[in-house]
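So the chains spell out like this:
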Amino acid sequence: MGNMEISRPLPLKQIDIDDDFWSGYIQLVRNVVVPYQWEALNDRIDGAAPSHAIRNFKIAAGLEQGEFYGMVFQDSDVAKWLEAVSYLLETGQDPELERVADEIIDIIANAQQIDGYLNTYFTLKEPAGKWSNLAECHELYCAGHMIEAAVAYYHATGKRKILDVACRLADCIDTVFGPEAGKIQGYDGHQEIELALVKLYHVTGDGKYLILSQFFLDERGKEPNFYELEYIRRGQTKHFPMLDMVFDRSYSQSHLPVRSQESAEGHAVRIVYMCSGMADVAAETGDKALLNACRVLWNNIVSKRMYITGAIGSMAHGESFSLDYDLPSDTAYAETCASIGLIFFAQRMLQIEAKSEYADVMEQALYNTVISSISKDGRHFFYVNPLEVWPEASDKNKGFSHVKPERQGWFGCACCPPNIARFLASLGRYIYSLKDRTIYTHLYIGSLMKFDIDGSEIILKQCSNFPWDGKVSFEVSLDKETEFTLALRIPGWSGGAEIHVNGTRIAWEDDVIDGYVYIPRTWQPGDTIELHFPMTVSWMKGHPLVRETIGKVALQRGPIVYCLEEADNGANLHHIVLKQLTSQCDSFDENLLGGVLTITASAHRVQTESWGAQLYKANELTTTEAVNVTFIPYFSWANRGRGEMTVWVRTESI
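Residues numbered from 1 in each chain as written. Predicted model: local features only at pLDDT ≥ 70, side-chain atom pairs only at ≥ 80, totals over all residues. Heavy atoms only, no water.

> Would you mind going over the environment of Val-198 with me for this structure?
Summarising the element assignment, Val-198 is placed in helix H9 (residues 193–204). Placed 115 residues apart in sequence, Val-198 and Gly-313 show a C-alpha to C-alpha distance of 26 Å. Non-local contacts of Val-198, meaning those with residues more than four positions away in its chain, are made with Leu-210, Ser-213, Asp-280, Val-281 and Glu-284. (Helix = DSSP H or I, 4+ residues; strand = E, 2+ residues; numbered from the N terminus. Contact = heavy atoms within 4.5 Å.)

Structure, rendered in structure tokens:
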């Protein structure tokens, strides 16, 4: 088998984001989030849960005395922070940030053992337990995040120290795992190493890393079950006694070989990381069966198990999927990392086959769940992203205890904040991809992009009014006329577009393939393209088999899903009933939540004053009053204190 012809994202250094909406987020990550998280990793945030992650490395490096503290995967927080720093350095010089990064890299290198092994938990706390509890203890997961950080830092700075650490670590893993006699025929409980090894293969060209990634995927789900065998070998001990990671095979997607899995089961983050690795390996090896398995799992997720906000994982127990069409709003888990992982998966599928459905989901998760999870000040975060919140229930009902009405300063299990940082810092990699002489535009984000065709540099300047307005324009700058194709995505929510080239409207309907309009042309210096996507307010309904949304609607405008919040509409949001075929108006309020577009709609509010003290009544007529209600973008909720919130709202008729 040979590799597939795929499109590739451009290096971050070739893309400069200049966008009214997204530049603020990038600067927030650079100026606030990354520095704040550095303080958190060093336990210098008053009132926030301690991390100890940096100190663990210092102790393992022999620089301090003490004991390991934190979750077994605490190392990964440092790796993700370093990866975010790398993307920031690739897009803009920052000598002080680079100095801090180099210092922690020195510490990490000193913590690495002679044979290449690197994991502070097992180095400090269980040195005799290495590679004995893959089901629970995240050794390969932590290694994968460190490898990803190393590759990113090398791309950003050209410095090899952390890349050499990563290679020694991967080489160590390669001596331990594999199909050969004497090696462990197993795999990690939390997928991550698979996609990281492919990145290491790309940067080093060493094929053994790709082979090792493929081995981990091929081994998962085989019989006899690896986790049960290692459980017996280590004396039947458990690291997380409250979770049955050994025998609940679907939790870690080890219930079937990956090519045989037909539904998204278990821990949501794990499966989308696994699918990302599957797509990577399929692209590099030409494995069509593996690619088809990706398609099957993708279709199950997006057609039966995904929230309208692009969130996944409906069940708090195991942070997992439950069953088809089970999408409760108020007890949703919807972990931030899971939506980021879904974007990873979507991007890889998009590179293999340019279908707008992948970019639509990527955009859906990005504009809704991902940026909802970070506060306007960049110092507070959601781990869980519900679609309905009743603060008093979160306080008192244990079934809602995972749902927080306010973002938190940090977490004992702090995987999400550094994941947000590394993703937003690398946002430029998701806008475009290049294949031969075709440049694909997947996201409409203002930016300046440089690429090369036939030895000539071409600059594509994109100006975008997203997400508030559907106007987008491109200007082509080049030294000489050059033939290439520009492929423009038509978002599924838009229903179409007007496209002008050099001011002349073009008929594009016959040139659209899988949601992309292909414009082949010999481009001249100064050529322009203008697009206009209709942005009307849509009343979205859930599939009739989704029990929680029947008789309700969610408002969406462009890529943005909207919600009601108590700050605008008072308490008891469940009393609000939207009028059928109501007129609504939208307006931009530059003074609200940093500047957002709101939607006002006509509704009825149920009245309770005359009800009395009885809990139930027979034949009681419900009284209502006419009201106007205000919807705000879902991503902006919970920035004005505690209060109720809901995405889905009742209507007068089904």
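Having seen the model, we can carry on.
> Before we go on, may I ask you to explain the packing of aromatic side chains in this structure?
Two aromatic rings are characterised by how far apart their centres lie and by the angle between their planes. In total, this model carries 37 aromatic pairs according to the counting rule given. Consider the rings of Phe-177 and Phe-216, whose centres lie 5.5 Å apart with planes at 65°: the pair is edge-to-face. In this pair, Phe-177 sits in the loop between helix H8 (161–176) and H9 while Phe-216 sits in helix H10 (residues 207–219), placing the two residues 39 residues apart along the sequence. Each member of the pair, Phe-177 together with Phe-216, is buried. In textbook terms, an aromatic cluster arises when at least three aromatic residues are bridged by ring pairs, as seen for Phe-21, Trp-22, Tyr-25, Tyr-367, Trp-468, Phe-588 and Phe-635. Sitting over the face of the ring of Tyr-117, Lys-130 holds its NZ or CZ atom 4.6 Å from the ring centroid. When the ring centre of Trp-523 is taken as reference, the NZ or CZ atom of Arg-521 above it lies at 5.5 Å. (Phe/Tyr/Trp six-rings, centres within 6.5 Å; stacked < 30°, edge-to-face > 60°. Buried < 20%, exposed > 50% of the residue type's maximum accessible area, 1.4 Å probe, protein only. Lys NZ or Arg CZ within 6 Å of the ring centre and 35° of its normal.)

> What exactly am I supposed to notice about the sheet that holds strand S10 (residues 504–505) here?
Paired through backbone hydrogen bonds, the strands of a sheet run either parallel or antiparallel to each other. Read across the open sheet, the seven strands follow the order S1-S5-S6-S7-S13-S9-S10; overall the sheet is antiparallel. The sheet is open, and its two edges are formed by strand S1 (15–17) and S10, each paired on a single side. As defined by bridge partners, strand S5 (residues 447–453) adjoins strand S6 (residues 456–464) across seven bridges and the pair is classed as antiparallel. When the sheet's bridge partners are listed, Ile-453 is paired in S6 with Ser-456. (Pairing = 2+ DSSP bridges.)

> I'm lost on unusual backbone geometry in this one. Help?
Glycine aside, negative phi is the norm for most residues, and most peptide bonds take the trans geometry. Along the chain, Glu-223 connects to Pro-224 via a cis peptide bond; the corresponding omega equals -5°. Mapped onto the elements of the fold, Pro-224 is located in the loop between H10 and helix H11 (226–233). Here the bond from Phe-466 into Pro-467 is cis, since omega is 0°, no more than 30 degrees from zero. Tracing the backbone shows Pro-467 in the loop between S6 and strand S7 (471–478). The backbone of Asp-436 sits at a positive phi, close to 55°, despite the residue not being glycine. Positionally, Asp-436 belongs in the loop between strand S3 (432–435) and strand S4 (438–441). The exposed category is assigned to Asp-436, whose relative accessible area is 60%.

> Looking at this structure, I do not really get the pattern of salt bridges. What am I missing?
Oppositely charged side chains can pair when the atoms bearing their charge come close. Scanning the model with the defined rule gives 37 salt bridges in all. A salt bridge links Arg-259 to Asp-287; the shortest N-O distance between them is 2.6 Å. In this pair, Arg-259 sits in the loop between H11 and helix H12 (268–285) while Asp-287 sits in the loop between H12 and helix H13 (288–304), placing the two residues 28 residues apart along the sequence. A residue is classified by how much of its surface remains accessible, and Arg-259, at 32% relative accessible area, is partly exposed. Accessibility expressed as a relative area gives 6% for Asp-287, which makes it buried. Among the ionic pairs, Arg-521 bridges to Asp-527, the shortest N-O distance being 3.3 Å. Taking the relative accessible area as the measure of exposure, Asp-527 reaches 5% and is therefore buried. Each of the salt bridges in this network shares a partner with another, and the network as a whole consists of Glu-83, Glu-148, Lys-199 and Arg-422. (Salt bridge = Lys/Arg side-chain N within 4 Å of Asp/Glu carboxyl O.)

> Could you clarify how one ought to interpret helix H14 (residues 336–352) in this entry?
Since there are 3.6 residues in each turn of an α-helix, residues three or four apart along the chain are aligned in direction. For H14, which comprises 17 residues, the first-to-last C-alpha distance of 25 Å matches the rise-based estimate of 24 Å (1.5 Å per residue) to within 8%. Burial runs high along H14: 17 of the 17 residues are buried. (Expected span 1.5 Å × (residues − 1).)

> Any chance you could explain the pairing of strand S8 (residues 482–489) here in plain terms?
A regular strand places its side chains so that they alternate between the two faces of the sheet. Of all eight residues that make up S8, seven are buried, and the element is covered over most of its length. In terms of strand pairing, S4 meets S8 through four bridges, oriented parallel. Within the sheet, the bridge partner assigned to Thr-441 lies in S8 and is Leu-488.

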